[in-house]
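# Fold and geometry: a report
So you can see what is in the structure, the chains are spelled out below.
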Amino acid sequence: LPHVTRAIDPQAVSDFLTLGYVPSPASIFSDIRKLPAGHALTLDLTGKQITTRRYYTMKPRAGAPADAKDWPGWVKTELRAAVLRWTLSDVPIGCSLSGGLDSSAVVALLAESGGQRVKTFSLGFEGTEGVGLNELPLARQVAERYGTDHHESVLKPEELLNDLPAMVWHLDEPYGGGLPSWYVFRFMARDVRVGFTGTGGDEIFGDYGKWLPLEKSAFGRDVLEGGVIGRLARTLPPFADPIEKKYLRPFYYLSAEEKRSALGPGLRGTLPTSQLFLSAFGARPFDDFRDNVAALDFVTQLPDEFLHMTDRFSMAHSLEARVPFLDHEFVEKMFGIPGGLRTRLRDLKGLLRRAVSDLLPPDLLNAQKKGFVIPAAAWLRGPLKAAAEKLLSPDRLTAQGLLSPVYYQRLLKEHSEGRDHHKRLWNAFMFQLWHWIFIEHPVEARPTGSVTDLL
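To keep things clear, this report deals only with the structure shown in the data block. What you are looking at is a predicted structure, and each value in this text was computed from that prediction instead of being measured.

About the thresholds
- Throughout, a residue's number is its position along its own chain's written sequence, starting from 1.
- The predicted origin of the model limits local features to residues at a pLDDT of at least 70 and limits the giving and counting of side-chain atom pairs to 80 or more, whereas totals for whole chains, interfaces and linings rest on all residues.
- Heavy atoms from the whole structure form the basis of all side-chain values; hydrogens and water molecules are not counted.
- Counted as salt bridges are all cases of a side-chain nitrogen of Lys or Arg within 4 Å of a carboxyl oxygen of Asp or Glu.
- Per-residue accessibility, obtained with a 1.4 Å probe over protein chains only, is compared with the maximum for each type, and a residue is labelled buried under 20%, exposed over 50%, and partly exposed between these values.
- Secondary structure elements follow DSSP: runs of H or I of four or more residues count as helices, runs of E of two or more count as strands, with numbering from the N terminus.
- Contacts: residue pairs with any heavy atoms within 4.5 Å of one another.
- For every element, the axis is a line fit to its C-alpha atoms; helices are fit only across the contacting stretch, and the angle between N-to-C directions ranges from 0 to 180 degrees.
- Roughly parallel refers to an angle under 35 degrees, roughly antiparallel to one over 145, roughly perpendicular to one between 65 and 115, and oblique to any angle outside these ranges.
- Rotating anticlockwise by less than a right angle from the far helix to the near helix defines a left-handed crossing, while the corresponding clockwise rotation defines a right-handed one.
- Residues are grouped as follows: Ala, Val, Leu, Ile, Met, Phe, Trp, Tyr, Cys and Pro are nonpolar; Asp, Glu, Lys and Arg are charged; all remaining types, including Gly, are polar.
- Aromatic pairs are defined between Phe, Tyr and Trp rings, using the six-membered ring for Trp, whenever the two ring centres lie within 6.5 Å; interplanar angles under 30 degrees are classed as stacked, those over 60 as edge-to-face, and all others as tilted.
- In this scheme, the term charge over a ring applies when either NZ of a lysine or CZ of an arginine sits within 6 Å of the ring centre and within 35 degrees of the ring normal.
- We call a set of buried residues a nonpolar core when its members are Ala, Val, Leu, Ile, Met, Phe, Trp, Tyr or Cys and they connect through side-chain atoms within 4.5 Å of each other.

## A few points about the pattern of salt bridges
Under the counting rule described, the total for this entry stands at 28 salt bridges. In this structure, Asp-67 and Lys-69 form a salt bridge, with 2.8 Å as the shortest nitrogen-oxygen distance. Given the relative accessible area of 35%, Asp-67 is considered partly exposed. Measuring nitrogen to oxygen at the nearest pair gives 2.8 Å for the salt bridge that ties Lys-76 to Asp-358. You can see Lys-76 sitting in helix H2 (residues 71–85) and its partner Asp-358 sitting in the loop between helix H18 (350–355) and helix H19 (362–365), a full 282 residues away along the chain. Beyond isolated ion pairs, a larger network of salt bridges with shared partners links Arg-61, Arg-85, Asp-327, Glu-329 and Glu-332.

Spelled out as structure tokens, the structure:
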């Protein structure tokens, strides 16, 4: 569109460096805003006015049994109903089967419902980088137990390097998170057009323990629950900001102190990312503290990172991804159980585990949570080193004015010599790769070839 510029939103870049995604309602472009989750947009053709309104707010729904011993059976019943509600389709349905608790529960409940034979798809990872992370054996146990039409694919980490430009192009915005889902959806799309995933299970049951550092801090809790200190929260320095210290720093990539030296002149003066989260936390839809921390993820990382990536990567391969754990009736009913009872410190997803204990193999129920972590640290010292040196060169960063040359002069240099700075470098690298494709060398078709070919 000729009237929409490619000017970059400085605040969005600053937030991306911390989070690895761009939080709504901003986009990476100054002239474009996202319609937040749960909102509708109306264009009045007569008055030429655009308005937005929130049509959905997550609220707990009553219905949980009075006796806690009945909760596991009730959770299973409600999850089964949610899975079945999402099966309406005139084409075959497949299931991503990672070997983890969430996707395995979906497969088990779908297979139990009868009807057609369930197609399952599992991704494994080759090489030393994936040792201890490969869940194919666990996924295979589930597939064998339910007689699914099971398919397996093994990914070499180097394949990610070849597809990085295409991923960046399909995502539209810079993104520093999980990339292997690209291959899961590509694999599934060979056989089906609708694919179930287990997305949302972690946020409902346990929320990765994100509530723990905040809950341990009485000072932080006072700020978040709106005491006297809460009214002064916007003026607190970063070291006293509970969202910064107890939420962003343990679970994200770049602290406020680190970011001060990382920003170029074009980003100085941007607000701390914690302010956005503090504002979102202020809505506090629940009475329970742990529920309110989980609700924060439901309006930030879940839609803006995980579902954004799920949507773009699945549709890149013409696959419709479905997420039965996020069926709104199921979510509302689960949040009818107070967070202090739905999740526990030493067993974050214990309630869900008990709910599906009779459906899944013991090995899987007792397995530690795993996942494929891209070997970014090794790549930035090896196959991506030359690309990183080019994209993060001091001359380039100085001319761009967004990131400080410290990324090259100190971080990249020290990383190459053995110190690990990959968490800080990876988001900067992915932003620069996005900038190359969308700003410096805009293309109308998805690029082919590796990062080296692109540059």
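## Observations regarding the environment of Phe-29
If you trace the backbone, Phe-29 turns up in the loop between helix H1 (10–19) and strand E1 (39–44). Taking the C-alpha atoms as reference points, Phe-29 and Pro-10, 19 residues apart in sequence, are found 8.8 Å from one another. Contact partners of Phe-29, with chain neighbours within four places excluded, come to Thr-5, Arg-6, Ala-7, Asp-9, Trp-434 and Ile-439.

## A short note on the packing of helix H13 (residues 273–281) against helix H14 (residues 289–298)
Running from N to C, H13 and H14 point in directions that differ by 125°, and their axes come no closer than 9 Å. Of the possible angle classes, the one that applies to H13 and H14 is oblique. Once H13 is placed against H14, the crossing between them reads as right-handed. Across the interface between the two elements, Phe-277, Ala-280 and Phe-281 of H13 pack against Phe-289, Asn-292, Val-293 and Leu-296 of H14. Split into classes, the residues belonging to the contact of H13 with H14 amount to 6 nonpolar, 1 polar and no charged.

## As for the packing of aromatic side chains
This structure, assessed with the given rule, holds 15 aromatic pairs. A centroid spacing of 6.3 Å and a plane angle of 40° characterise the contact between Tyr-247 and Tyr-252, whose relative ring orientation is tilted. What makes Tyr-252 buried here is its relative accessible area of 5%. Among the aromatic side chains, those forming a connected cluster through ring pairs are Phe-29, Phe-431, Trp-434 and Phe-438. A cation sits over an aromatic face here: Arg-290 above Trp-211, 3.9 Å from the ring centre. Above the plane of the ring of Phe-335 lies Arg-342, whose end atom (NZ or CZ) is 4.2 Å from the centre.

## Structural notes on the nonpolar core
In this structure, Leu-164, Tyr-407, Trp-426 and Phe-429 are the most contacted members of the largest nonpolar core, which totals 78 residues. Element by element, the count of residues in this core is highest for helix H24 (residues 422–440), at 11 residues. With near-sequence residues (within four places) excluded, Leu-164 lies in contact with Leu-179, Leu-384, Trp-426, Phe-429, Met-430, Leu-433 and Val-451. The next biggest cluster of nonpolar side chains, apart from the first, holds 47 residues, and it includes Trp-71, Leu-110, Phe-286 and Phe-325.

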